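Residue-level listing of the chains:
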Amino acid sequence: MSDLEKERSRNESTPTHEVSVSSQERGVRPGGLQGWYQHPVVQVCMLGFVAFMGPGLFNALNGLGGGGRVDQKTSANGNSALYATFSVTAFFGGSINNVLGPRLTLLLGSCGYSLYIGSYLATNLHDNAGWFIIFAGAILGICAGLLWTAQGSLMLAYPTEQDKGKYIAIFWAIFNLGGVVGAAVAFGQNYHSTGNAVGTSTYIAFLVLTCIGVLIPMLMTDPRKMYRSDGSKVTYPRHPSWKTEIYSLYLALRTDPAILLLFPLFLASNWFYTWQFNGYNFALFNIRTRALNSFIYWTSQIFGSLAMGQLLDLWLLTRRQRAFLGWGVLLVFVMVVHGWAYHYQKGYTRATVADPNFHKMDFNDKGFAAYIWLYIFFAFLDSMWQTAAYWMMGAMSNDPAKLAIFTDKGIQSAGAAGAWRADGVGIPYINLFASTWALCAAGLIFALPMLYSRVKNHTDLEDEVLARMDDSGHI
């Protein structure tokens, strides 16, 4: 999640209160096919398909457990390298996005996914090429930081305040279709497999799809030509200096220190994937069942995202009431789903899973239904968590510059890098599971004061503008 292109007045003498007025300047959207194509909903859908072809297929691959390989260690270390570089790039992603523009940033970000999928294809053909996965993961981390920053800036810029939840849900649903389609491809191609790794054809299919996704950003409309659904103009992007960006970071944290309370929430949001994919799906199931589980997981995420989006846009409740309701739903899911998972986790360890006599469950086995229902509820929790985190960011401010600073992807990625590295060095599954449960609970507890103090029924003017600068970048 990330953010929104800078808007500051060109005339330094203009009073501060006029900035928010100019940012909502009314206009007339074009009609006909052009008007339809430039509509924010259409552009959010196209943005969703960029994520479908890149991060969505990456999720499908990761959701197989071990990247579809027999050896999970190489995949875990590749993911650790990915998220380590991602955490650094995402921190500066807002600045890069403001300089390059969202479409070029999306294009560059998309390229890394093709390289990463290609590294798995290479290792499937050459057993000694495992280092390539780690190298490609580090490059993908840089590209992913760019892609998600541009994605967040556009997605939070396009909607009006009352449509934020809907737009987030639309994007998240399309994005997760990438995981659904990718997992369906993997399941279909490995249905008759008796092994524990996917075939070469699966990686080739994924590689072709990610290459198609690289082209989509150039077909998107320039955001400077767009109007929101209520007629207000989408924020005009600015290209400030790096010095200005650094000062904006300082100013944002000084004026809104409550954002720090969201960091544990963001940290947890990518941490839990490691146990779910490698500590549960990889550990307990054979390859065709892992593919089926992945398909059901990403399909379920669509419904979880849409449900949370509807809840957070419920017009019968005030914004503060919706914030607390969403928080309460997440807390119930965290405690119930992890309590259920503990019942299974206490029955196996890394040592028992590594035993050649350990039976990898198949979807035809008795008792499989209970295991897949748990995975479905984990999918619900994940998608609702991500949707709520986006909504909370948007509830704090409508200012693009501030939202660009408030990106949580750097924090998410730092957590993911730590979790995947922990899996790579082989810490006990129960320890990884316990850290996941504890971090999710802590994230919600730390976020509660922010919801109470910072989420208001309407965004105030002081929440809108960080600073003003002239054409030369002077504040």
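Residues numbered from 1 in each chain as written. Predicted model: local features only at pLDDT ≥ 70, side-chain atom pairs only at ≥ 80, totals over all residues. Heavy atoms only, no water.

(A) Examining the packing of helix α7 (residues 164-189) against helix α8 (residues 200-213) more closely. For the pair α7 and α8, the least separation of the axes is 9 Å and the interaxial angle reads 155°. Put simply, α7 runs roughly antiparallel to α8. By crossing handedness, the relation of α7 to α8 is classed as right-handed. Here G182, V185, A186 and Q189 of α7 come into contact with α8, specifically with S201, T202, A205 and F206. Class assignment of the residues belonging to the contact of α7 with α8 gives a composition of four nonpolar, four polar and no charged. (Axes fitted to C-alpha atoms, helices over the stretch in contact; angles between N-to-C directions. Helix = DSSP H or I, 4+ residues; strand = E, 2+ residues; numbered from the N terminus. Parallel < 35°, antiparallel > 145°, perpendicular 65-115°, else oblique. Left-handed = near helix turned anticlockwise from the far one by under 90°. Contact = heavy atoms within 4.5 Å. Nonpolar A, V, L, I, M, F, W, Y, C, P; charged D, E, K, R; others polar.)

(B) Region of the structure containing the confidence of the model for the protein chain. The pLDDT averaged across the protein chain works out to 80; a share of 81% of its residues lies at or above 70. No element of the protein chain has a lower mean pLDDT than helix α1 (residues 17-23), at 38, and none a higher one than helix α12 (residues 319-345), at 93. Contacts of residues 1-24 to residues separated by more than four positions or lying in other chains number 93 contacts, the stretch itself having pLDDT below 50. In this model, residues 464-475 is a region of pLDDT below 50 whose contacts with residues beyond four sequence positions or in other chains number 44 contacts. (pLDDT = per-residue confidence, 0-100.)

(C) Structural context of the nonpolar core. Counting 117 residues, the largest nonpolar core has Y116, W148, F171, Y280 and W385 as its most contacted members. In terms of residue count, helix α14 (residues 368-396) provides more of this core than any other element does, 16 residues in total. (Core = buried A, V, L, I, M, F, W, Y, C linked by side-chain atoms within 4.5 Å. Buried < 20%, exposed > 50% of the residue type's maximum accessible area, 1.4 Å probe, protein only.)

(D) Spatial organisation of a nonpolar patch on the surface. Together, V99, L100, L104 and L108 line one region of the surface with nonpolar side chains, adding up to about 290 Å² of accessible area. Residue assignment for the nonpolar patch shows that the elements contributing at least two residues are α4 (72-100) and α5 (102-125). Tracing the chain through its elements places L100 in helix α4. (Patch = residues over 30% accessible without salt bridge, like charges linked within 9 Å, V, L, I, M, F, W, Y side chains within 5 Å. Areas by Shrake-Rupley, 256 points an atom, 1.4 Å probe, with all protein chains shown as cover. Salt bridge = Lys/Arg side-chain N within 4 Å of Asp/Glu carboxyl O.)

(E) A look at α8. For α8, spanning 14 residues, the distance from its first C-alpha to its last is 21 Å, which sits close to the expected 20 Å at 1.5 Å a residue. For α8, the full list of buried residues reads T202, Y203, F206, T210 and G213. Buried residues of α8 fall within an arc of 90° about the axis and therefore sit on the same side. Close packing links the buried residues of α8 with α3 (40-63), α5 and α7. (Expected span 1.5 Å × (residues − 1). Arc of directions from axis to C-beta.)

(F) Just the environment of L177, in detail. With respect to the helices, strands and loops of the structure, L177 is situated in helix α7. Residues L177 and M53, spaced 124 residues apart in sequence, show a C-alpha to C-alpha distance of 9.3 Å. When sequence neighbours within four positions are dropped, the list of residues in contact with L177 reads F52 and I302.

(G) Expanded view of the side chain of S300. Note on placement: S300 falls in helix α11 (residues 287-312). Of the residues examined, S300 reaches a relative accessible area of 7% and is grouped as buried. Residues within four places of S300 in sequence aside, it is in contact with I376, A379 and F380.

(H) Broad picture of the environment of L325. Within the element layout of this structure, L325 appears in helix α12. Look at L325 and you get partly exposed, because its relative accessible area is 32%. Between the C-alpha atoms of L325 and L312, which are 13 residues apart in sequence, the distance is 8.3 Å. If sequence neighbours within four positions are ignored, L325 has contacts with L311 and L317.

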